[in-house]
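So the chains spell out like this:
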Amino acid sequence: MSAPFTTKNLAPVLFPIAVLLIAMLSLQGGASLAKSLFATVGAPGITALRLGLGTLILCVIFKPWRLRFTREQRKPLLMYGLALGCMNYLFYLAIRTVPLGVAVGLEFLGPLTLALIGARRPLDFIWVLLAVVGLWFLLPIGDGVSHIDPLGALLAVGAGACWAVYILAGQRAGAEHGPATVAMGSLIASVIFVPLGLTFAAPGIWHWEILPLALLIALLSSAIPYSLEMMALTRLPARIFGTLMSLEPAMAALSGMLFLGELLTLQQWIALLAIIIASAGSTLTMKQKSAQINEVDITHQ
């Protein structure tokens with residue numbers, strides 16, 4: 001006889017779900033705050049500040065200098081760090097001209113494509129079709145199909161491609177060290193993209209009053225969501241975790257609407273919904289072996 005349903009039984013499930021939703025809101029809130037500073041600091045400058053300060057926070061937590069990587073892991077680790085930095089850089093360049101929710105939706109196509117590679121079953125092609133429909137209505141294809149900036153959309157798709165490389169390289173580089181690998185990857189990314197971002201930053205980046213806001217962005221975009229998502233991942237099955245992460249484009253759209261006044265058209269909401277359903281559906285129905293590919297690392301932005 002099964003135990004009676006009570007709020008006590010429900011709490012262990014609701015708690016990690018709530019934690020994961022808060023992590024997504026934190027991540028997208030950080031992106032909204034970053035975008036609000038573009039006029040003062042510039043997108044490259046925000047990338048440099050967020051990546052640099054976020055790396056310092058991660059290094060304090062994980063102390064990556066204690067890690068030891070084999071010769072076989074060093075090349076994937078380098079690719080992992082480069083993909084991480086490039087992903088951040090392209091994403092911030094994209095949201096200069098593209099609404100936050102649309103940019104995240106387009107970026108999500110990277111890991112979604114990776115998860116659907118090798119699709120063979122009829123059900124898999126339903127998710128492919130939904131993703132294509134979402135892409136069609138989000139990208140500026142044809143006359144009057146979308147009001148999205150072509151360059152911004154291309155940059156968001158490029159960030160998604162880097163995200164796919166980041167997942168593949170991260171699986172190989174982090175086989176032994178797990179989450180601590182992100183600190184080393186972030187350190188590699190910072191060596192390249194922090195100087196690059198500072199070079200092309202707007203003059204306002206050198207004003208001291210920007211530093212507290214930049215630290216807040218780093219906390220909202222790295223330390224807080226990283227800690228919360230690791231907490232949720234240890235309490236939720238991988239497939240449920242990946243399915244809930246599919247809500248991130250909607251969270252980004254909500255954040256853009258609340259904090260930036262970015263209102264999406266009905267067509268764009270339908271496109272985002274198609275991508276969310278495709279991502280969630282592919283996570284729930286894929287084979288166990290490939291399910292690991294769709295687990296999303298929080299440092300993707």
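Residues numbered from 1 in each chain as written. Predicted model: local features only at pLDDT ≥ 70, side-chain atom pairs only at ≥ 80, totals over all residues. Heavy atoms only, no water.

The chain is annotated in an unreviewed UniProt entry as Threonine/homoserine exporter RhtA of Candidatus Pantoea floridensis. UniProt lists a comment for the chain under the heading Sequence similarities (unreviewed entry), and it reads "Belongs to the drug/metabolite transporter (DMT) superfamily. 10 TMS drug/metabolite exporter (DME) (TC 2.A.7.3) family." (UniProt positions renumbered as here; feature names shortened; annotations may be inferred.)

A. Region of interest: the nonpolar core. Counting 77 residues, the largest nonpolar core has Ile46, Phe91, Tyr92, Leu106 and Tyr166 as its most contacted members. Grouped together as the second largest cluster of nonpolar side chains are 11 residues, Ala23, Met24, Leu228 and Phe241 included. (Core = buried A, V, L, I, M, F, W, Y, C linked by side-chain atoms within 4.5 Å. Buried < 20%, exposed > 50% of the residue type's maximum accessible area, 1.4 Å probe, protein only.)

B. Main features of the side chain of Ser186. Examined against the element boundaries, Ser186 turns out to sit in helix H9 (residues 181-199). Apart from the residues lying within four places of it in its own chain, the contact partners of Ser186 are Leu51, Thr55, Leu58 and Leu84. (Helix = DSSP H or I, 4+ residues; strand = E, 2+ residues; numbered from the N terminus. Contact = heavy atoms within 4.5 Å.)

C. Summary view of the packing of aromatic side chains. Counted by the stated rule, this structure contains five aromatic pairs. Taken together, a centroid distance of 5.9 Å and an interplanar angle of 40° make the contact between Tyr89 and Phe193 tilted. Of the two residues, Tyr89 is situated in helix H4 (residues 71-94) and Phe193 in helix H9; the sequence distance between them amounts to 104 residues. Residues Tyr89 and Phe193 agree in their burial class; the two are buried. Taken together, Phe38, Phe91 and Tyr92 form an aromatic cluster joined through their ring pairs. (Phe/Tyr/Trp six-rings, centres within 6.5 Å; stacked < 30°, edge-to-face > 60°.)

D. Layout of empty space enclosed by the protein. Throughout the structure, instances matching the rule amount to one cavity of 30 Å³ or more. Its volume calculated, the largest cavity comes out at about 60 Å³. Those elements that provide at least two residues to the lining of the largest cavity are helix H3 (43-62) and H4. Here the lining of the largest cavity takes five residues from H3, the largest share from any one element. (1 Å grid on protein atoms, 1.4 Å probe; cavity = no way out; pocket = protein on both sides within 12 Å on 5 of 7 lines; lining within 4 Å. Points joined across faces, edges and corners; volume = space filled by probe spheres on them.)

E. Region of the structure containing the packing of H3 against H9. At a minimum axis separation of 8 Å, H3 and H9 run at an interaxial angle of 155°. Of the possible angle classes, the one that applies to H3 and H9 is roughly antiparallel. Crossing angle aside, the handedness with which H3 passes H9 is left-handed. Together, Pro44, Gly45, Ala48, Leu51, Gly52, Thr55, Leu58, Cys59 and Phe62 of H3 and Val182, Ala183, Ser186, Leu187, Ala189, Ser190, Phe193, Val194, Gly197 and Leu198 of H9 make up the contact between the two elements. When its residues are assigned to classes, the contact of H3 with H9 shows 13 nonpolar, six polar and no charged. (Axes fitted to C-alpha atoms, helices over the stretch in contact; angles between N-to-C directions. Parallel < 35°, antiparallel > 145°, perpendicular 65-115°, else oblique. Left-handed = near helix turned anticlockwise from the far one by under 90°. Nonpolar A, V, L, I, M, F, W, Y, C, P; charged D, E, K, R; others polar.)

F. Molecular detail of the pattern of salt bridges. Inspection of every chain in the model, using the stated rule, returns one salt bridge. In this structure, Lys35 and Glu262 form a salt bridge, with 2.4 Å as the shortest nitrogen-oxygen distance. Pair noted here: Lys35 is in helix H1 (residues 7-36) and Glu262 is in the loop between helix H12 (248-260) and helix H13 (266-285), with a separation of 227 residues, a long-range link. (Salt bridge = Lys/Arg side-chain N within 4 Å of Asp/Glu carboxyl O.)

G. Layout of the side chain of Lys35. Residue classification places Lys35 among the buried positions, given a relative accessible area of 16%. A polar side-chain atom of Lys35 sits 2.8 Å from the main-chain carbonyl oxygen of Ile95. If we skip the residues at most four places from it in the chain, Lys35 touches Ile95, Arg96, Val98, Pro99, Leu100, Leu260 and Glu262. (Polar contact = N/O pair within 3.5 Å; in protein donor to acceptor, adjacent residues only side chain to side chain.)

H. The arrangement of the layout of surface pockets in detail. Here the second largest pocket defines a volume of roughly 260 Å³. Lining the second largest pocket are 13 residues, and of these Leu49, Leu198, Ile205, Trp206 and Leu211 sit closest to its centre. For the lining of the second largest pocket, the elements supplying multiple residues, two or more each, are H3, H9 and helix H10 (210-233). In terms of residue count, the dominant contributor to the lining of the second largest pocket is H3 (five residues). Its residues placed into classes, the lining of the second largest pocket shows 11 nonpolar, two polar and no charged.

I. A look at a nonpolar patch on the surface. Residues Leu25, Leu254, Met257, Leu258, Phe259, Leu263 and Trp269 make up a contiguous nonpolar surface patch of roughly 710 Å² in combined accessible area. The element that contributes the greatest number of residues to the nonpolar patch is H12, accounting for four residues. Following the sequence through the fold, Trp269 ends up in helix H13. Residue class for Trp269 comes out partly exposed when judged on its relative accessible area of 32%. (Patch = residues over 30% accessible without salt bridge, like charges linked within 9 Å, V, L, I, M, F, W, Y side chains within 5 Å. Areas by Shrake-Rupley, 256 points an atom, 1.4 Å probe, with all protein chains shown as cover.)

J. Summary view of the environment of Val41. Within the fold, Val41 resides in helix H2 (residues 38-41). Residue classification places Val41 among the buried residues on the basis of a relative accessible area of 0%. When sequence neighbours within four positions are dropped, the list of residues in contact with Val41 reads Ile46, Leu49, Ala201, Ala202, Ile205 and Ile210.

K. Up close: helix H7 (residues 122-138). Compared with an ideal rise of 1.5 Å per residue, which puts 17 residues at 24 Å, H7 spans 25 Å between its outermost C-alpha atoms and is within 8% of the ideal. The set of residues buried in H7 consists of Asp124, Trp127, Ala131, Gly134 and Leu138. The buried side chains of H7 occupy one side of the element, clustering within an arc of 85° when seen end-on. Those residues of H7 that are exposed and aimed more than 90 degrees away from the buried face are Pro122 and Leu129. For H7, the elements touching its buried residues are helix H5 (100-107), helix H6 (109-116) and H13. (Expected span 1.5 Å × (residues − 1). Arc of directions from axis to C-beta.)

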